[in-house]
Structure formats: C-alpha cells, structure tokens
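# Survey of secondary and tertiary structure
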Amino acid sequence: MFSDFSPLGEYGAEASPNVKLFPLSDSGFISSLKGCRAFISTAGNQALGEAIYLGKPVLCFPEPNAFEQDVNGQALEATGAGIVVPLSGLDAAKIERFLTNLDLYRARITAYLHDRPDFNATYQVVDIVNKVLETS
C-alpha cells in the first residue's frame, strides 16, 4: 500500500533533499506524518489534530480569508504545539526558528496530551453510539 506512495514534486522530482511532496492518500499521509520530525502545513483542523496526536510540532499558515483556519491556528498556539505564521509572512527565518525549537514543542505536546487523555474521543463516541443502538 505505502510502496505505491512515492514522492511527487514538480515534474515528478523531489522538491529538495529535505522536502518531499506526495499525492493525496489517507494511508500515505499518516505514514508520512508518523515518520517526519515536524509538520508544516495550512491550518486544516484534521491535519493539525493528527499531527498533535502523533507528537509532531506544527508550523501552520492559515489560508487567507479562511476564518476556520484562523481559528484552528489560534487553537494550535493555545496547545503550545507549534506556531502560526501568516502566509504573507512565511520566510526562511521563521521556518528556521521553528525548526530550532522542535524539542520545546514536543515537550509541550507531551504535556498537553498528558493533561487531556480524552484528546482522541473516538472510543468514547463509539461507546455512546453502541449504547444508543443497544437501547433502540
């Protein structure tokens, strides 16, 4: 499954030795996220949540004029799991500053998840749905 998931940069090449671009794939995305040191992305809710759950520091840049991405960025900063940079302000210096603080963000993620054992509420929801279905 993942073996078919190959890097895809401009014209099929790697973007750089340290950056790889991939086609859309749920299983490939999770595998890539598990293996990365940090996550740089727009501020989509699902991706940020998965990164935090997997302990990956995040630098996000909310898409311009996307209110929900601004809210997601604020939530990210509240966790301490990373930083938010407006797309217009994203530059090499900000990325470098983020990358030099990965240990700090990892420690914050660990503390955040420790204080919130219900961060992944999937099992709780499954239990509630099963109880409803049993009584129906």
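Predicted model, so just to flag it, every value in this text is computed and none were measured.

This paragraph deals with the confidence of the model for the protein. Looking at the protein as a whole, the pLDDT averages 84, with 85% of positions reaching at least 70. Scored below 50 in pLDDT, residues 9–13 shows 3 contacts in the model against residues more than four places distant or in partner chains.

One non-glycine residue with positive phi stands out, namely Asn-65, at about 65 degrees. By secondary structure assignment, the location of Asn-65 is in the loop between strand 2 (58–60) and helix 3 (67–79).

Moving on, we get to the pattern of salt bridges. In total, this model carries 2 salt bridges according to the counting rule given. With a closest N to O distance of 3.7 Å, Asp-91 and Lys-94 form a salt bridge. On the basis of relative accessibility, which here comes to 34%, the residue Asp-91 falls in the partly exposed class. For Asp-103, the salt bridge is made with Arg-106, and the minimal N-O distance between the two is 3.0 Å. Of the two residues, Asp-103 and Arg-106 are both situated in helix 5 (residues 102–115); the distance of 3 residues between them amounts to about one turn of the helix.

To continue, consider the sheet that holds strand 1 (residues 39–41). Reading across from one edge, 1-2-3 is the order of the 3 strands in this open sheet, with parallel pairing throughout. Each edge of the open sheet is held by one strand with a lone partner, namely strand 1 and strand 3 (82–84). Within the sheet, the average angular offset between the axes of one strand and its neighbour, ignoring direction, is 10 degrees. Looking at chain direction, strand 1 and strand 2 are connected through 3 bridges and run parallel. From the neighbouring strand, Phe-39 faces strand 2, where its bridge partner is Val-58. Along the sheet, helix 3 makes contact with strand 2 and strand 3, crossing strand 3 at roughly 150 degrees.

What follows covers the packing of helix 1 (residues 26–35) against helix 2 (residues 45–53). Where helix 1 meets helix 2, the closest approach of the two axes is 10 Å, and the angle between their N-to-C directions is 40 degrees. Judged by the inter-axis angle, helix 1 sits oblique to helix 2. Here helix 1 and helix 2 pass one another in a crossing that is right-handed. Seen from helix 1, the contacting residues are Phe-29, Ile-30 and Leu-33; seen from helix 2, they are Ala-47, Glu-50 and Ala-51. Looking at side-chain class alone, the contact of helix 1 with helix 2 contains 5 nonpolar, no polar and 1 charged residues.

Phe-39, Leu-48, Ile-52, Val-58, Cys-60 and Leu-76 are the most contacted members of the largest nonpolar core, which totals 13 residues. Looking at this core, the elements with two or more residues in it are helix 2, strand 2 and helix 5. For Val-58, the contacting residues outside a window of four places in its chain are Phe-39, Leu-48, Ala-51, Leu-76, Ala-81, Gly-82, Ile-83 and Phe-98.

All right, on to a nonpolar patch on the surface then. On the surface, Val-125, Val-129 and Leu-133 cluster together into a nonpolar patch covering about 270 Å² of accessible area. By secondary structure assignment, the location of Val-129 is in helix 6 (residues 122–135). Residue class for Val-129 comes out partly exposed when judged on its relative accessible area of 41%.

Basis of the calculations
Residues numbered from 1 in each chain as written. Predicted model: local features only at pLDDT ≥ 70, side-chain atom pairs only at ≥ 80, totals over all residues. Heavy atoms only, no water. pLDDT = per-residue confidence, 0-100. Contact = heavy atoms within 4.5 Å. Helix = DSSP H or I, 4+ residues; strand = E, 2+ residues; numbered from the N terminus. Salt bridge = Lys/Arg side-chain N within 4 Å of Asp/Glu carboxyl O. Buried < 20%, exposed > 50% of the residue type's maximum accessible area, 1.4 Å probe, protein only. Pairing = 2+ DSSP bridges. Axes fitted to C-alpha atoms, helices over the stretch in contact; angles between N-to-C directions. Parallel < 35°, antiparallel > 145°, perpendicular 65-115°, else oblique. Left-handed = near helix turned anticlockwise from the far one by under 90°. Nonpolar A, V, L, I, M, F, W, Y, C, P; charged D, E, K, R; others polar. Core = buried A, V, L, I, M, F, W, Y, C linked by side-chain atoms within 4.5 Å. Patch = residues over 30% accessible without salt bridge, like charges linked within 9 Å, V, L, I, M, F, W, Y side chains within 5 Å. Areas by Shrake-Rupley, 256 points an atom, 1.4 Å probe, with all protein chains shown as cover.

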